[in-house]
Amino acid sequence: MVRLPYMTVLTALFSYGLLFAFGQLRDFFHKLIDLFKAKNVKGCAPICPGLEDFYVRRIYLRIQDCFSRPIAGAPGCWFDVVERYSNDNNKTIQRTSNTTRCLNLGSYDYLGFAGVDEYCTPRVIQSLRKYSPSTCSARCDGGTTRVHTELEDLVARFIGKPAALLFGSGYATNSAVIPCLIGEGGLIISDSLNHNSIVNGARGSDATVRVFQHNSPAHLESVLREHISDGKPRTHMRWKKIIVMVEGIYSMEGELCKLPEMIAICKKYKAYTYIDEAHSIHAGMGGVGKSGRGVCELLGVDPADVDILMGTFAKAFGSYGGYIAASKELIQHLKHSCPAYLYATSMSPPAAQQIISSIKVILGEDGSNRGAQKLARIRENSNFFRPELKKMGFEVLGDNDSPVMPIMVYNVAKIPAFSRECLKQKVAVVSVGFPATPLLLARARICISASHTREDLIKALDVFNRVGDLVGIKYFPVQQQKIAEADHDKLECEDTP
């Protein structure tokens, strides 16, 4: 849980207040000018009038160069960022033909499969030649190939569930599946920091939605007990079903779910469990746990105790899409009721082949131990980088073993300052602010990959150390210690013949 220092809150609120005051003043004068213009405009009302797009016009546009940066090439540990410029104070941004080679600390390439791989890439090319880039059809029509069925069987075996179902989008997996699982008369109890796809899926289900404090088993039990005893609103009848929804690793916090306690509470109150493992299988599958099977393996939870496991392929495997792993009966129900399965075009066969090949590397079925090396390296890199950031004085959220490391920025003016200075020094980071986070909890989100070398990480730490001092986001005392001195010595020893 983030506890904001008093002065940090005060300065952040003052920054937003200043921007709001000047923005309102500018809008006021624009309205005065518009009064003297001809009023012969015909047609519909403006789509985004007044305050509806005030944040975008007066705050976001000032710093939009820090977001949606285009890249040229595969998002490996290093990639080319396309250079851009603006001649109208960031209202519009133009691309150039130039690129800058940057260290990538923003992509979800947790296991390093995003680039060319000696095992995966040839098989993806072969699949492209055999099946073409798209099936041009939904799964229930002509969109199911051998690759799709093989992947579903492999995912079910890997996760430890009886069956699995593929979808073309991780976001759509949550938003389209949840309304098929529960409806009017049901109760969804959701973590307060669950992903937007879960929030929208819950809203679209017509079920009653209640929220419990982030990652708090005690409050979850309190909410369950209260609503089971009270029953439905007005009628006080029993709920048709109750589903508790949590994430394995929270993508904005880098924090592991307290899954064993959650499962015990759900069993006690006869509630179903739905776990989004988009990041806890280090973005899909393949990073948390001894063999990469996710938070269940890491925390010693039997997958059979979890009713529905959701995950994505869009991160650790250099592909895209999502899956649901559950009982055969539930998977069969989704095949007949889920619009994302019935009406959406199926996953591209080459993308599905990329996932199959990646899983086989992780399982060691490619005839090598590269999968085990990747799993060990992502944990080693994550557990090296996080403590070093904290030693510098940064406020870093999340738990050990998590490759997601949010560095708290707080002040809106420091979002572009940190992002731009890092880019100048050839380190690409992702800055996150409102509405993706609460107004006062802006942050820079760092994602570590197994493909990062120790030299890459030391370079990033050196840049963060200097930029953090320049921008002023070191909110804790700095430990007087040379950053990774032992690792510098180690690198020198490795270079010595």
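Not measured: the values here are computed from a predicted model.

Asker: Outline the overall build of the chain, supporting the account with residue identities and numerical values.
Answerer: Looking only at helices and strands, one finds 16 helices and 16 strands in the chain. At 24 Å, the chain has a C-alpha radius of gyration in line with the 23 Å of a compact globule built from 497 residues. Along the three orthogonal principal directions, the C-alpha set of the chain runs to about 75 × 60 × 50 Å. By the burial criterion, 51% of the 497 residues in the chain qualify as buried. The contacts of the chain with a sequence gap of at least 6 include a subset with a gap of at least 24, amounting to 71%. Within the structure as shown, the chain displays about 23,500 Å² of accessible surface, and the carbon and sulfur contribution to it stands at 56%.

Asker: An account of a nonpolar patch on the surface is needed here, citing residue identities and associated values.
Answerer: The grouping of Phe-14, Leu-18, Phe-22, Leu-25, Phe-28, Phe-29, Leu-32, Leu-35 and Phe-36 at the surface amounts to a nonpolar patch, some 990 Å² of accessible area in total. Its place among the elements puts Phe-22 in helix H1 (residues 6-35).

Asker: Go over the layout of surface pockets with me, naming the residues and quoting the values.
Answerer: Any empty space left between atoms is shown by rolling a water-sized probe over those atoms. The calculated volume of the largest pocket comes to roughly 1,100 Å³. The wall of the largest pocket is formed by 41 residues, among which Leu-193, Met-252, Glu-253, Ala-436 and Arg-443 lie closest to the centre. Ranked by residue count, the leading element in the lining of the largest pocket is helix H6 (residues 196-203), at 4 residues. Of the residues contributing to the lining of the largest pocket, the split by class is 16 nonpolar, 15 polar and 10 charged.

Asker: Give me the pairing of strand E3 (residues 94-104): which residues, what numbers.
Answerer: In this structure, strand E2 (residues 78-85) lies alongside E3, joined through 7 bridges in antiparallel fashion. In the strand pairing of E3, Arg-84 is matched with Arg-95. Relative to strand E14 (residues 427-428), E3 is paired through 2 bridges, and the arrangement is parallel. Looking at E14, one finds that Asn-104 is bridged to Ala-428.

Procedures and definitions
Per chain, the residues get numbers from 1 upward, laid out in the order the sequence is written. Restriction of local features to residues with pLDDT of at least 70 applies here, the model being predicted, together with a cutoff of 80 or more for giving and counting side-chain atom pairs; totals for whole chains, interfaces and linings are based on all residues. Side-chain metrics rest on all non-hydrogen atoms present in the structure, leaving aside hydrogens and water. By the criteria applied, helices consist of DSSP H or I runs no shorter than four residues and strands consist of E runs no shorter than two, each listed in order from the N terminus. With C-alpha atoms as the basis for the radius of gyration, the globule rule is written as 2.2 Å multiplied by the number of residues raised to the power 0.38. Here the term buried applies to any residue with accessible area under 20% of the maximum for its type, exposed to any over 50%, and partly exposed to those in between, with areas from a 1.4 Å probe on protein chains only. The contact rule is simple, with two residues in contact once any of their heavy atoms fall within 4.5 Å. Note on areas: Shrake-Rupley, 1.4 Å probe, and residue coverage restricted to the protein chains presented here. Each patch groups residues whose relative accessible area exceeds 30% and which form no salt bridge, using 9 Å between like charges and 5 Å between nonpolar side chains of Val, Leu, Ile, Met, Phe, Trp and Tyr. A side-chain nitrogen of Lys or Arg and a carboxyl oxygen of Asp or Glu constitute a salt bridge if their distance falls within 4 Å. Residues are said to line a cavity or pocket when one of their atoms sits within 4 Å of a point; the points come from a 1 Å grid over protein atoms alone, cavities being sets where a 1.4 Å probe fits but cannot get out and pockets being open sets with protein on both sides within 12 Å along at least five of seven lines. Grid points are joined across faces, edges and corners, and a volume is the space filled by probe spheres set on the points. All amino acids are sorted into three groups, where Ala, Val, Leu, Ile, Met, Phe, Trp, Tyr, Cys and Pro are nonpolar, Asp, Glu, Lys and Arg are charged, and the leftover types, Gly among them, are polar. At least two bridges found by DSSP between two strands are what make those strands a pair.

These figures come from the coordinates and say nothing about function on their own.
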